[in-house]
Amino acid sequence: MPHVLYTGPSSPFGRMASVVIRETGAPIEEQVIDVYTSSFLDPINPLRQIPTLVLADGTGIYDSRVICRYAVALATRGLMAAENPWDIETRWALAIGIMEAGLQRRMESLRPEGEKSATVIARLGERIERALDYLEPAAALLPREQARIDSIAVAVALEYTDFRYTRGWREHCPGLGAWLAVYGERPSMDETRPRDPPH
Ligand SMILES: N[C@@H](CCC(=O)N[C@@H](CS)C(=O)NCC(=O)O)C(=O)O
């Protein structure tokens, strides 16, 4: 039995784990599932969320951050930098926060008219914009050629923002836009682009 990552076609957290698996070369297979009908996950991850990694012995590993750490531990190629580790960890957390805000905003937008809150949608949009503006000066600190955990997470968060919210952030974050134009070309990014499942 191989180790299997259960993920989805458009999950930013799943994509981050998939990119990390590719970049580290960790021996983990992937399976795309519909999380909403995947009750088989319940005894493994009672949250029934993706990504969930199921090890060969049946052990469940989640959430995305733990899966990334597990993949790094399993592989020979590391993604955690020795220099400024707390800056890098914090930028990783910020990128995850952008993904969370993007997902929450999307879920709120999908609620029926009369139930969704324009205030909540606006507040989450503002959170994303604020985080991107904060990140803009850090574009110069993000490696262009090297796989590192903060750069992977930032790239996934930016492309999820494009996918579910807006590409307009480039107007006030040109450094991040230029960086993503290069970093997004990595095979690990190209192979994992989010898509909506067919209806
Ligand atoms: N903290 C979790 C969040 C995972 C998450 O929210 N996954 C979403 C897909 S993007 C999900 O499984 N949603 C289904 C649900 O919550 O019912 C992580 O980082 O892995």
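Please refer to the structure placed before this passage.
One structure accompanies this document, and this report is about it. (Residues numbered from 1 in each chain as written. Predicted model: local features only at pLDDT ≥ 70, side-chain atom pairs only at ≥ 80, totals over all residues. Heavy atoms only, no water.)

1. Re the environment of arginine 164
Topologically, arginine 164 is positioned in helix α5 (residues 149-164). With 85 residues separating them along the chain, arginine 164 and leucine 79 place their C-alpha atoms 27 Å apart. Dropping the residues within four chain positions of it, arginine 164 is found in contact with Ser10, Arg105, Arg106 and Asp196. A polar contact of 2.8 Å, which involves the side chain of arginine 164, links it to the side chain of aspartate 196. (Helix = DSSP H or I, 4+ residues; strand = E, 2+ residues; numbered from the N terminus. Contact = heavy atoms within 4.5 Å. Polar contact = N/O pair within 3.5 Å; in protein donor to acceptor, adjacent residues only side chain to side chain.)

2. What about the nonpolar core?
Val20, Leu158, Leu176 and Trp179 are the most contacted members of the largest nonpolar core, which has 49 residues in total. Only α1 (12-24), α2 (64-74), α3 (85-109), α4 (118-135), α5 and α6 (174-183) provide two or more residues apiece to this core. Ranked by residues supplied to this core, first place goes to α5 with 8 residues. Not counting residues within four places of it along the chain, the set of residues in contact with tryptophan 179 comprises Ala139, Leu142, Pro143, Arg144, Ser151, Val154, Ala155 and Leu158. Core analysis: the next-biggest nonpolar cluster, separate from the first, contains 7 residues, Ile33, Val35, Ile50 and Val54 among them. (Core = buried A, V, L, I, M, F, W, Y, C linked by side-chain atoms within 4.5 Å. Buried < 20%, exposed > 50% of the residue type's maximum accessible area, 1.4 Å probe, protein only.)

3. Structural notes on the pattern of salt bridges
Applying the stated criterion to the full structure yields 15 salt bridges. Taking the shortest distance from any N to any O, the salt bridge between arginine 15 and glutamate 159 comes out at 2.9 Å. With arginine 15 in helix α1 and glutamate 159 in helix α5, this residue pair connects regions lying 144 residues apart in the sequence. Residue arginine 15 is classed as buried on the basis of its relative accessible area of 5%. Its relative accessible area of 11% is what places glutamate 159 among the buried residues. Here aspartate 190 ties to arginine 193 by a salt bridge, and the two come within 2.9 Å at their closest N and O atoms. Here the salt bridges share partners, and the residues they tie into one network are Arg15, Glu159, Asp190 and Arg193. (Salt bridge = Lys/Arg side-chain N within 4 Å of Asp/Glu carboxyl O.)

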